[in-house]
Amino acid sequence: MSAQSRPNDLMGLSPAEYDLACSIMGRAPNRAELGIFAVMWSEHCSYKSTRRWLKTLPTSAPWVLQGPGENAGAIDIGDGLACVFKIESHNHPSFIEPYQGAATGVGGIMRDVFTMGARPIANLNALRFGAPDNPKTRHLIAGVVAGIGGYGNCMGVPTVGGEVNFDPSYNGNILVNAMTVGIARTDRIFKAGAGGVGLPVMYVGAKTGRDGIHGATMASAEFGEDAQVQRPTVQVGDPFTQKLLLEACLELMATDAIIAIQDMGAAGLTSSSVEMAAKGGVGIEIDLDRVPQRETGMTAYEIMLSESQERMLMVLKPGREDAARRIFAKWELSAAVIGETTNTGRLVVRQHGQVAAEVPVEPLVDQAPSYDRPRVERPKPAVIAASDVPAPEDLRATLLALLGSPDLCSRRWVWEQYDSMVGADTLAGPGGDAALVRVHGTRKALAMTTDCTPRYVAADPFEGGRQAVAEAWRNLSAVGARPLALTNNLNFGNPERPEIMGELVGALNGMAEASRALDFPVISGNVSLYNETSGTAILPTPVIGGVGLVEDYARTVGNGLRREGDALVLLGATQGWLGCSLFQRHATGRTTGAPPPVDLAAERRAGEFVRNRIAAGEISACHDLSDGGLLVALAEMALAGGLGARIEAMDGAIPAQGWWFGEDQGRYLVATSAPDTFMAAAKAAGVPAQKLGQAGGASLTLPGTKPISLTDLRSAHEGWFPAYMAAR
Amino acid sequence: MTPVVIVFPGSNCDRDVADGLAAALGRRPQMVWHADSEIPKCDLIVLPGGFSYGDYLRSGAIAAHSPVMEEVKRRAEAGVPVLGICNGFQILTEAGLLPGVLLRNAGLGFVCRWTHLRVERADTVFTAGYTAGQVVRFPVAHHDGNFFTDPATLKRIEGEGQVAFRYCTASGEVAREANPNGSLNNIAGVFNEQRSVLGLMPHPDRAFDRALGGEDGKVLFRTLVEKLAA
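In this report, we go over the structure that sits alongside the text. The shown structure was predicted, so the numbers you read here are calculated from the model rather than taken from an experiment.

**What to know about the overall build of chain B**
- The secondary structure content of chain B amounts to 5 helices and 11 strands.
- A compact globule built from 230 residues should have a C-alpha radius of gyration of about 17 Å, and chain B, at 16 Å, falls within 12% of that.
- Over its C-alpha atoms, taken along the principal directions, chain B stretches across nearly 45 × 35 × 35 Å.
- In chain B, which comprises 230 residues, the share counted as buried stands at 63%.
- In chain B, once contacts between residues fewer than 6 apart in sequence are set aside, the share between residues at least 24 apart is 75%.
- Of the roughly 8700 Å² of accessible surface on chain B, a fraction of 50% belongs to carbon and sulfur atoms.
- For chain B, the separation between the mean place of its 23 positive charges and that of its 25 negative charges on side chains is 3 Å.

Take a look at the structure:
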């Protein structure tokens, strides 16, 4: 096709992609059809830059019921129950309109989970903001936190964990990743594939408006020609409607009326109808005049691409329409049969008695572009010796400064705005290594966490990818859970730049290796690319959402020191790794060098050992060592339990700064009342263990330093966030 | 003893309350949908927490005009005990069954945390399991829990002994730093004049299991079941 015959606005498709669409159609697509190709082939929906790489991730294990490809993944947790979970980003909208962007992000991921037939039991999130001194940061934090709370609290789903970090690279591109965990019956997991011809297609939920049109491509040029239809690309959420939608869908799912169900998220009616048809191997015909609408005069293009929230599409068994209508009427929701499945293999969209769009489904999906984008790997950074980082002049002052820094201070200001307890099953909410939520009415609990250390990934994508998976796995082990599976949210810059593609592939390779070594498969995920402003990308941020299982929730521990006299034991090997550490940044103003490597075999040994000892009741408190190293972990344990500690031992072979603040991986600090048996068991398990001192008192007493009172530690730790936000 | 739990669109603590009652009672309470204008014969009505009608307009305002509330008012006037927790408390003030209003929290944000409460009196069907002055722990989780009235009403409810719970420190001191939302006189819960209707912002329904961080709320449900057992 000649360049002259292409329209000026390809809605984000490349000229080659447009030409491919023409050859599939056998003619030039009309505006509505072009819109359909553009969203289905957008990076967001087609994963065209990452698909070939995502295939390399391990996705199976005997307990995996559903891997990537459906609305969310599912694992078997016994007793006929499945745990369904996924993480998803809403980065761009949250930067434009933080409250609604974050709220609809939370709403979208919850919808993904209950579309599978699961009742959501917990939400988590992973947030990244720009530098605290960036003028926008405060406003963005306030809006995002209120939006997450506003949606989750109203839905009655507790927000039990997450992470918040700052870095100047996020100044123009914050990250809002939301994760939902739900519970379904294993024999009642719902999928999108609409097998069967002549089946009614029902639309349910909120009415369709002109909001969020083309949100999946975030393109705006197409609105230029007609100012009348200009609307923000950020959707507006209504958690109350979604609460009704949740209850109504679960009520209908308890009957046998539903054959397939798909939520209308990114790319709205287009993506949901195409997915249902493609997965079912059928065609689908819909009549837009029957779609509930809250605005008049909407074009086919607008209705097909609207991202109005709180909507579902379902394929029903013939004859069950009235039963479904009765349930939706009870919950005061709009429901309408808008079409049926066909044997034509085509998506046919009618409006005002005419065909407004007609696209063959299979090629639209199967011939979606997939690119092997050029990539360059960056050279491995040099390993930095602990002694090359200046030692702290005053250990006490350093600890207080670190604990009161934006990266390590308490996030209480954030999580007190989330209802973390609704449902009355939250055994451990925010602030622990992993949250613990009881499986309602049983002795079982699910452990869950979100983790990533972007500065490690930036320094060495492969090691950083391994570390993110290992840390999630470690956090689950630290509460006594058996890690079962993960979901990932890959937040990167522009994949058309080879160095970004190099980061992405490096991180994925690292994640794949760690997932395999730890039997911790990937069951769902999301990719968010083009996170850059004026050519500057965010730190590569592949967030891991991990889920683990505890058979008896009495056999779990928290990270707070609670028992006077318990011995403190450091598990795992310490060499004092300061490259890319927070102490290095504190001491030198920047992070450089190689990030700490993860020995996956040692990681596994230490994690299994910790889990077994927790199950045996030998551990009274456990905390994984991560940002800030040993001394920060010890202070956090003291603050969490309101009990101090005395440390007697330190390894003389390691410089003090490396000993106290090194971020060596695969380590835990535990409290135990039976140190001798414990040390012997560690030795037998091949896990390095050192007895450091014991819990007790109201301060931290370290060799060569005067005691640091818990009061001082607490005011440093709790002070920063409220003071920062109050300075609005 | 026959309790019912009223479920509004947007209620989200209905199961939590039902679990609390069931643990005390040994069987599930009956759930009544808001659109029903009839409530079965019962000797306790519970309005659970949540966001009835999305808390649109004002927290509890729309639910207060729900068909079922007419019947709740009739039963309350006939002396049937009514318990409103969190959004249920907001609905009861909007319906005129309890004095005062619940304004936006003084800090303007939603607040979820464990609070200490001082039990003001133990001679009611709800609080007989506690002792007057006892300190208990329940969590709060709300955006609009800032109890407010005009000075005359405040004087009256204080004078009539209608305050049920006050936010306090762990040692029982009614102090400003123990007040999570700016409520007048640290008021966390109030009775009607007959002390047959109780509304409170904190959640006894989230404090009935040590594994959840506390079980002081269990006493409230157990006491209701014992006192109302016919």
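Having seen the structure, we can now continue with the description.
**Here we look at the interface of chain B and chain A**
- Every contact between the two is made by 27 residues of chain B and, on the other side, 27 residues of chain A.
- Across the chain B to chain A interface the summed buried area is about 2200 Å²; carbon plus sulfur atoms make up 60%.
- At the junction of chain B and chain A, the tally comes to 4 salt bridges.
- Between glutamate 416 of chain A and arginine 113 of chain B there is a salt bridge; the shortest N-O distance is 2.8 Å.
- One can count 12 residue pairs in polar contact (both at pLDDT 80 or more) joining chain B with chain A.
- For the side of chain B that touches chain A, the elements supplying multiple residues, two or more each, are α1 (14-25), β6 (111-119) and β7 (135-142) of chain B.
- Ranked by the residues each element gives to the side of chain B that touches chain A, the list is headed by β6 of chain B, at 4 residues.

**As for the nonpolar core**
- Among the nonpolar cores identified, the biggest contains 119 residues, and Met314 of chain A together with Ile6, Ile45 and Phe165 of chain B are the most heavily contacted of them.
- Broken down by element, this core gets its largest block of residues, 9 residues, from helix α8 (residues 239-253) of chain A.
- When neighbours within four sequence positions are excluded, isoleucine 45 of chain B is seen to be in contact with Val4, Ile6, Ile39, Val72, Arg75, Val80, Pro81, Val82 and Leu83 of chain B.
- Counting residues in hydrophobic clusters, the runner-up holds 86 residues, among them Ala126, Met179, Trp473 and Val670 of chain A.

Criteria and cut-off values
Residues numbered from 1 in each chain as written. Chains lettered and ligands numbered in written order. Predicted model: local features only at pLDDT ≥ 70, side-chain atom pairs only at ≥ 80, totals over all residues. Heavy atoms only, no water. Helix = DSSP H or I, 4+ residues; strand = E, 2+ residues; numbered from the N terminus. Rg over C-alpha atoms; globule rule 2.2 N^0.38 Å. Buried < 20%, exposed > 50% of the residue type's maximum accessible area, 1.4 Å probe, protein only. Contact = heavy atoms within 4.5 Å. Areas by Shrake-Rupley, 256 points an atom, 1.4 Å probe, with all protein chains shown as cover. Lys, Arg positive; Asp, Glu negative; His and termini not counted. Charge placed at Lys NZ, Arg CZ, Asp CG, Glu CD. Buried area = accessible area lost by both parts, 1.4 Å probe. Salt bridge = Lys/Arg side-chain N within 4 Å of Asp/Glu carboxyl O. Polar contact = N/O pair within 3.5 Å; in protein donor to acceptor, adjacent residues only side chain to side chain. Core = buried A, V, L, I, M, F, W, Y, C linked by side-chain atoms within 4.5 Å.

Read these as geometric descriptors, not functional statements.
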